[in-house]
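Residue strings, one per chain:
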Amino acid sequence: MRRNRLYDWTRRLVAENDLTSNDFILPIFVGMGKGRADPIPSMPGVNRISIDLLDDIVGEAQEAGIPAVIIFPEIDPAKKTPDAKEALNPDNLVCQSIRKVAKSYPEMGIICDAALDPFNSDGHDGLLQNNLILNDDTVEILCKQSVIQAEAGCHIIAPSDMMDGRVGAIRKALDIAGFKNVGILSYAAKYASSFYEPFRDAIGSKTALKGDKKTYQINPANIDEALRQVAQDIEEGADMVMVKPGMPYLDVVSRIKIEFGIPTLAYQVSGEYAMIKGAVKNGWLDNDNAILESLLSFKRAGADAILTYMAVEASKLLNKG
Ligand code: PBG
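The paragraphs below set out a description of the structure included in this document. (Residues numbered from 1 in each chain as written. Predicted model: local features only at pLDDT ≥ 70, side-chain atom pairs only at ≥ 80, totals over all residues. Heavy atoms only, no water.)

1. Section: the pairing of strand S10 (residues 240-244)
Successive residues of a regular strand alternate their side chains across the two faces of the sheet.
And then number 1: The buried fraction of S10 amounts to 4 of the 5 residues, a majority that puts the element mostly inside the structure.
And then number 2: For strand S9 (residues 183-190) and S10, the ladder comprises 4 bridges, and the chain directions are parallel. Bridge pairing in S10 links alanine 189 to valine 243.
And then number 3: Sheet topology places S10 next to strand S11 (residues 264-268); 3 bridges connect them, and they run parallel. Along S11, the bridge assignment pairs methionine 242 with leucine 265.
And then number 4: Taken together, S10, helix H8 (residues 250-260) and S11 form a β-α-β motif whose crossover is right-handed. (Buried < 20%, exposed > 50% of the residue type's maximum accessible area, 1.4 Å probe, protein only. Helix = DSSP H or I, 4+ residues; strand = E, 2+ residues; numbered from the N terminus. Pairing = 2+ DSSP bridges. Right-handed = clockwise from strand over helix to strand, strands pointing away.)

As structure tokens, then:
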């Protein structure tokens, strides 16, 4: 076995997987104000930026060869309500950001979540009533939210809410509104995970969140359930599916890719980023090697693309050769 491992050139020749900037989607946190780049303490190196700084960060991503960005807003707490109505404001932070990116970088793919948590004073992805998340009422809002985001110029809607029937309903709403070419990336295998906490800091939903999300996100103990969810979402019209979190769930990525052969994306979530960067900060891991190995492992598992906060950093390393 070691003869093939002997030289750099033999190792390159027999490499089974490869990582390039084409594999990445960069998540961007957008917040209020002007000229702001607020560091997120639990995600060293990631800032929440105001809209006027979007051009810089998206420009950097484009320069690095990254195909798409996904936008997450930190909504003014004063605008968060139990009915999450700011989600339906065509001039909200998300829609403004979409328009800005579409105008400045027309070649850049733009993806947005369909979910209510940034806008909801309860911090949940759906509407909360008597301690229960309402399914169908939530789906109705998600459909409107999707259409508004498509109108602003979003290319792919990524429902991350985990309500039943939302993919089919959103597909229908987009088609009726004339957005047949707007795609759906379903967060199909989205687990009720403890690794989302830094993200909730970043968008300010942590303090708002009442309880947990176990009645709609998947139990980390299950994989058959994730496969059934993927089957259902494909049936309802998902163009791509996602597994989230990433590294602790690579078995799920692998099973989905093998069983369905659908474009399968995985999200290296905020807590995974925090773990690696936290260890790097302490001098316990080598930054460049750790981030590239973590991302390559997604490819080995069968992921077609990776949502990662390290997208620009990793692309720069890879482009350098
Ligand atoms: C919300 C959403 C979450 C993430 C993406 N969309 C958090 C959650 O479900 O609570 C997490 C991403 C990350 O942790 O990086 N619908």
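2. Quick word on the pattern of salt bridges
And then number 1: Evaluated as defined, the whole model comprises 19 salt bridges.
And then number 2: A salt bridge links lysine 213 to aspartate 125; the nearest nitrogen and oxygen atoms lie 2.7 Å apart. Placement of lysine 213 in the loop between helix H6 (197-202) and helix H7 (224-236) and of aspartate 125 in the loop between strand S5 (109-114) and strand S6 (127-129) is noted, with a sequence separation of 88 residues between them.
And then number 3: We classify lysine 213 as buried; its relative accessible area is 6%.
And then number 4: Connected through shared salt-bridge partners, Arg36, Asp38, Arg48 and Glu74 make up one network. (Salt bridge = Lys/Arg side-chain N within 4 Å of Asp/Glu carboxyl O.)

3. Comments concerning the packing of aromatic side chains
And then number 1: If you walk through the whole model with that rule in mind, you get 9 aromatic pairs.
And then number 2: A ring pair is formed by phenylalanine 29 and tyrosine 309, whose centres lie 5.7 Å apart and whose planes are at 15 degrees; its orientation type is stacked. Remark: tyrosine 309 occurs in the loop between strand S12 (305-308) and helix H11 (311-320) and phenylalanine 29 occurs in strand S1 (residues 24-31); sequence separation between them is 280 residues. Exposure class is identical for phenylalanine 29 and tyrosine 309. Each is buried.
And then number 3: With 6.0 Å between their ring centres and 40 degrees between their planes, tyrosine 267 and tyrosine 309 make a pair best called tilted. Placement of tyrosine 267 in strand S11 and of tyrosine 309 in the loop between S12 and H11 is noted, with a sequence separation of 42 residues between them.
And then number 4: The class for tyrosine 267 is buried, based on a relative accessible area of 1%.
And then number 5: Members of the aromatic cluster, each reached through a chain of ring pairs, are Phe29, Phe72, Tyr187, Phe199, Tyr267, Tyr273 and Tyr309.
And then number 6: Over the face of the ring belonging to tyrosine 187 we find lysine 190, whose NZ or CZ atom lies 5.1 Å from the ring centre. (Phe/Tyr/Trp six-rings, centres within 6.5 Å; stacked < 30°, edge-to-face > 60°. Lys NZ or Arg CZ within 6 Å of the ring centre and 35° of its normal.)

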